[in-house]
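Coordinate inspection notes
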Amino acid sequence: MRCRFPFISSIILLALAQGSCGGSGPTELDRSAGSELRQPMLAEDIDPDPDVVHVQLSAAPLVVEFEPGVPTELWAYNGVFPGPLIEAKQDDRIIVDLVNNLPEPTTIHWHGVRLSNANDGTPVTQDPVPPGGSFTYDFTVPDASLFWYHPHANSAEQVYRGLYGPLLVHGDDPLPAADERVLVLSDLELSGGQLVLPWADGVQQMENAMGYLGNTQLVNGQLMPELKVRSGGLERWRVVNASGSRYYNLALPGHVLTMVGTDGGLIESPVEYSEFLLAPGERADLLVATDGSDGDSTVLINASYSIMHAAGFMPDPDHPLMQLRYSGSVNGLDRSIPAQLATITEPVVDAGEFSLQFSAALDPQPMDIIAGTVDEDAPINFASFAINGRPWPDAAEHVSQLGTTERWTLNNHTVMDHPFHLHGYRFLVESGTDGGPAYRGWKDTVNVHGSELGDHLLDILIPFEDNPGNWLYHCHILRHAELGMMAELVVNP
Ligand SMILES: [Cu+2]
């Protein structure tokens, strides 16, 4: 057994308790409400080279219990849910042997990693791995941040069933020492302890519109876990929204969430939030000064937000995610956060401008329902979602040239939000209908708000610095991507 980083002590303790860093077989861990927050199991590195992380991932069905004695079947990696935490250092080489023990083909996409094209895990880079088959991914990680991995084959279903895990790449940073946690946010629909399969009853228009939203919101696969924090302490939360549909609008009453990093690493300067919105696929690096008194408790909530907010309906109510309990204290901790965290140089646009429009073919149009010109009880037919008017796989491919920088205008011509995700490259948000970005940092996923007026624009700058090949960009509400809101980018060498 060998653990690379003695960095999150609770991971190590948990791994030791299990007798292995990697973990295999069904987990017996308590997932019911009120259990102590666990860290994702650390993936075992089988390569002794300090600059190579070699792990094995087996995708297979897994039975877990959210209520004692009530089995729930998920799909998971290495018998743990969420999948194991892969830890590496910036510029490490990562080798992953995927074995598919699922009843259908799968792949792994390394969300946010600027990697060589053949390792992107999509239908334009590889044939899906059949049941019983295997595939080895081999790439380097040039950026320090929290990334994540998930299938890119039948992904709305496979992610919903539980196939995702975190990939944390460490680098130098100027932040004060803190109690670090990886928080994987996701949701499932449970009924009587059974996983509800939203697609099982044929076409479900609500699921097509909103994605597969679950009634059970989880942190690291746990229901309303408890996290003990210290008075006078500093928490650092590396958060990923691994839900294929749900937005998380994080709020911790009485506390400020200080954002220091986003998808691709540290942002230029810290930004304070009372509510922090994380769209599907996005990550955040958040610092929280814990200044309560011993015995206090507070609840991290997913505060009310609706991806249909532009249309003024279907708000999500507040939902509790995690209990924080003050236990013990620490004095004199240096919690000062530098005013400048990173230097981010804006790339100069020297190639074409590309306008990209998200649209949805709906009948009737929600605007007509709101305007009262059609019966509000009329069934809405969500026929397809599209980029530039043509649903995947019929969408036109966009061709770019390696070594250039392009400005893309993301135009959301629907009333609902869509999280835009670009594979293989990072981008800066330049400006939007709402004004400039709230922070400067490298993104691979960004929420494009819906608009009551039918258009919402966001300009992003994309330097095509490396890794020519065939890439995808799509909405990260995975059901929308499946229904056509996805297209291909070809970067020529
Ligand atoms: Cu979408």
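Up top you'll find the structure we're talking about.
Within any chain, residue numbers begin from 1 and follow the written order of that chain's sequence. The model is predicted, so local features are restricted to residues of pLDDT at least 70 and side-chain atom pairs to those at 80 or more, both for listing and for counting; the totals for chains, interfaces and linings are taken over all residues.

1. A look at the overall build of the chain
If you tally the helices and strands in the chain, you get 5 helices and 32 strands. Neighbour counting defines burial: a residue surrounded by 20 or more other C-beta atoms within 10 Å of its own C-beta is buried, one with 12 or fewer is exposed, and intermediate counts give partly exposed, using backbone-placed C-beta atoms. Split into buried and exposed, the 493 residues of the chain put 48% on the buried side. Secondary structure is summarised from DSSP: a helix means a run of H or I of at least four residues, a strand means a run of E of at least two, and numbering begins at the N terminus for each.

2. Focus on the nonpolar core
Ranked by internal contacts, the top residues of the largest apolar core, which has 123 residues, are Ile460 and Met485. Considering each element in turn, this core owes the most residues, 7 residues, to strand 1 (residues 52-67). Take the buried Ala, Val, Leu, Ile, Met, Phe, Trp, Tyr and Cys residues, join any whose C-beta atoms are within 7 Å, and the set you get is a nonpolar core.

3. Looking at the environment of Gly132
Looking at where Gly132 falls in the secondary structure, it is placed in the loop between strand 5 (109-111) and strand 6 (134-140). Each C-alpha atom, one on Gly132 and one on Asn101, is 5.6 Å from the other, the two residues being 31 residues apart in sequence.

4. A short note on the sheet that holds strand 3 (residues 86-89)
A pair of strands counts as paired when DSSP detects no fewer than two bridges linking them. Strand order in the open sheet made by the 4 strands is 3-8-7-5, with mixed pairing throughout. Each edge of the sheet is formed by a strand with only one pairing partner; in this case those strands are strand 3 and strand 5. Adjacent strand axes in the sheet meet at a mean angle of 25° when their direction is disregarded. Pairing of strand 5 with strand 7 (residues 146-150), which is carried by 3 bridges, proceeds in the antiparallel orientation. Looking at the pairing, His109 lines up with His150 of strand 7. A fitted line through C-alpha atoms serves as each axis, taken over the contacting stretch for helices, and the angle formed by two N-to-C directions is quoted from 0 to 180°.

5. Observations regarding the sheet that holds strand 2 (residues 70-77)
Reading across the sheet, the 4 strands line up as 2-1-4-6 and stay open at both edges, with mixed pairing between neighbours. Only two strands of the sheet have a single neighbouring strand rather than two, namely strand 2 and strand 6. Neighbour-to-neighbour, the strand axes of the sheet open up by a mean angle of 25°, direction not taken into account. Sheet analysis places strand 1 next to strand 4 (residues 93-100), joined by 8 bridges and oriented parallel. Each residue of the ladder has a partner; that of Val53, found in strand 4, is Ile94.

6. Section: the environment of Asp138
Mapping Asp138 onto the fold places it in strand 6. We classify Asp138 as partly exposed; it has 15 C-beta atoms within 10 Å. Along the chain, Asp138 and Ile94 lie 44 residues apart, while their C-alpha atoms are 5.7 Å from each other. Think of it this way: build a C-beta for each residue from its backbone, and any pair within 7 Å is a contact. Ignoring anything within four residues of it in the chain, the contact list for Asp138 reads Ile95 and Asn119.

7. Topic: the environment of Gly214
Along the chain, the position of Gly214 falls in the loop between helix 3 (205-210) and strand 12 (216-219). Note: C-alpha distance between Gly214 and Glu189 (25 residues apart in sequence) is 3.8 Å. If we ignore the near neighbours within four places in the chain, the residues touching Gly214 are Asp187, Leu188 and Glu189.

8. Digging into the pairing of strand 2
Remark: a regular strand shows side chains that alternate across the two faces of the sheet. Direction of pairing for strand 1 relative to strand 2: antiparallel, over a ladder of 8 bridges. Paired with Ala60 across the two strands is Ala76, which belongs to strand 2. A loop of 2 residues connects strand 1 with strand 2, the two strands running antiparallel in sequence, and Gly69 in this loop sits at a positive phi of about 85°.

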